[in-house]
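Now for the letters of each chain:
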Amino acid sequence: MTLKQVEICVYGADVICPSCVQLPSSKETYEWLEAAIKRKYPDQPFSITYIDIFNPPEDDEEKKAFAKKVIEEDLFYPVVVIEGAIVGEGNPKLKAIYAEMEKYGYR
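Residues numbered from 1 in each chain as written. Predicted model: local features only at pLDDT ≥ 70, side-chain atom pairs only at ≥ 80, totals over all residues. Heavy atoms only, no water.

- Identification of the protein as Disulfide oxidoreductase YuzD from Parageobacillus toebii NBRC 107807 is taken from an unreviewed UniProt entry.

Right, here's the structure in full:
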C-alpha cells in the first residue's frame, strides 16, 4: 500500500468545551497529538493543523465551513479530523487516530 501524506485538523477553541471541563485544552490536545503521532510514525510525513473554531482561516472555505459545523452542531471540541473524517471529539483516543492513519498506509 502506498503511503498518502494525511492532513490532520484539530478544531478547537481557547475556551474549554463546557462538557470537557476536566480535560486538557484544545491547544494542549493538538500539541500532545502532534508529539504522539511523530513518535508513532517517526519517518512518515503528515501535516497537522490547529484551527480555532471562532477564528478559522479566511482563505479556506472547507475549514471555515467545518468550524461553523462544530459550533452549530454542538460537537465536543477539540474535534480531530483526518482527511475529512471525524476520528475524535472532546477527548480523542490515540487508538482511533492511529487506526484511521493506518488506512492510508502508516505503519
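1. Things to note about the overall build of the protein
(1) Moving on: Within the protein, the secondary structure is distributed over 3 helices and 4 strands.
(2) Moving on: Principal axes of the C-alpha set define a box for the protein whose edges measure 40 × 30 × 20 Å.
(3) Moving on: When the 107 residues of the protein are sorted by exposure, 43% land in the buried category.
(4) Moving on: Counting contacts in the protein only where the partners sit at least 6 residues apart, residues at least 24 apart contribute 67% of the total. (Helix = DSSP H or I, 4+ residues; strand = E, 2+ residues; numbered from the N terminus. Buried < 20%, exposed > 50% of the residue type's maximum accessible area, 1.4 Å probe, protein only. Contact = heavy atoms within 4.5 Å.)

2. Side note on the pattern of salt bridges
(1) Moving on: Counting across every chain of the model gives 7 salt bridges.
(2) Moving on: In this structure, K38 engages E34 in a salt bridge whose closest nitrogen and oxygen atoms are separated by 3.7 Å. Remark: E34 and K38 occur in helix α1 (residues 26-40); sequence separation between them is 4 residues, near one turn of the helix.
(3) Moving on: Judged by its relative accessible area of 47%, K38 is partly exposed.
(4) Moving on: Here K64 and E58 are joined by a salt bridge, their closest N and O atoms 3.6 Å apart. (Salt bridge = Lys/Arg side-chain N within 4 Å of Asp/Glu carboxyl O.)

3. Notes on the side chain of D52
(1) Moving on: By the element assignment, D52 lies in strand β2 (residues 47-52).
(2) Moving on: Buried and unpaired, D52 has no salt bridge, with K27 as the nearest side chain of opposite charge at 7.2 Å.
(3) Moving on: A polar side-chain atom of D52 sits 2.8 Å from the main-chain amide nitrogen of F54.
(4) Moving on: Apart from residues no more than four positions distant in its own chain, D52 is found in contact with G12, A13 and D14. (Lys, Arg positive; Asp, Glu negative; His and termini not counted. Polar contact = N/O pair within 3.5 Å; in protein donor to acceptor, adjacent residues only side chain to side chain.)

4. Observations concerning the packing of aromatic side chains
(1) Moving on: Scanning all chains against the criterion turns up 4 aromatic pairs.
(2) Moving on: With centroids separated by 5.8 Å and ring planes inclined at 55°, the aromatic side chains of Y30 and Y50 adopt a geometry described as tilted. With a gap of 20 residues between them, Y30 in helix α1 and Y50 in strand β2 connect regions that are remote in the sequence. Like Y50, Y30 is buried.
(3) Moving on: For the pair Y41 and Y106, a centre-to-centre distance of 5.3 Å together with 70° between the ring planes defines the contact as edge-to-face. (Phe/Tyr/Trp six-rings, centres within 6.5 Å; stacked < 30°, edge-to-face > 60°.)

5. Structural notes on the environment of G105
(1) Moving on: Relative to the assigned elements, G105 resides in the segment after α3 (94-102).
(2) Moving on: Residue classification places G105 among the buried positions, given a relative accessible area of 13%.
(3) Moving on: Taking the C-alpha atoms as reference, G105 lies 9.6 Å from Q44; in sequence the two are 61 residues apart.

6. Details of helix α2 (residues 61-72)
(1) Moving on: Its 12 residues give α2 an end-to-end C-alpha distance of 16 Å, which sits within 8% of 16 Å, the value for a rise of 1.5 Å per residue.
(2) Moving on: The set of residues buried in α2 consists of K63, F66, A67 and V70. In an axial view of α2, the angular spread of the buried residues amounts to 105°, which keeps them on one side of the axis. Those residues of α2 that are exposed and aimed more than 90 degrees away from the buried face are E61 and E72.
(3) Moving on: Looking at the packing, one finds that the buried side of α2 touches β1 (7-12), β2, β3 (79-82) and β4 (85-89).
(4) Moving on: The opening residue of α2 is D60, an N-cap whose side-chain oxygen sits 3.2 Å from the backbone nitrogen of E62.
(5) Moving on: Just downstream of α2 lies D74, where phi reads positive at about 50°. (Expected span 1.5 Å × (residues − 1). Arc of directions from axis to C-beta.)

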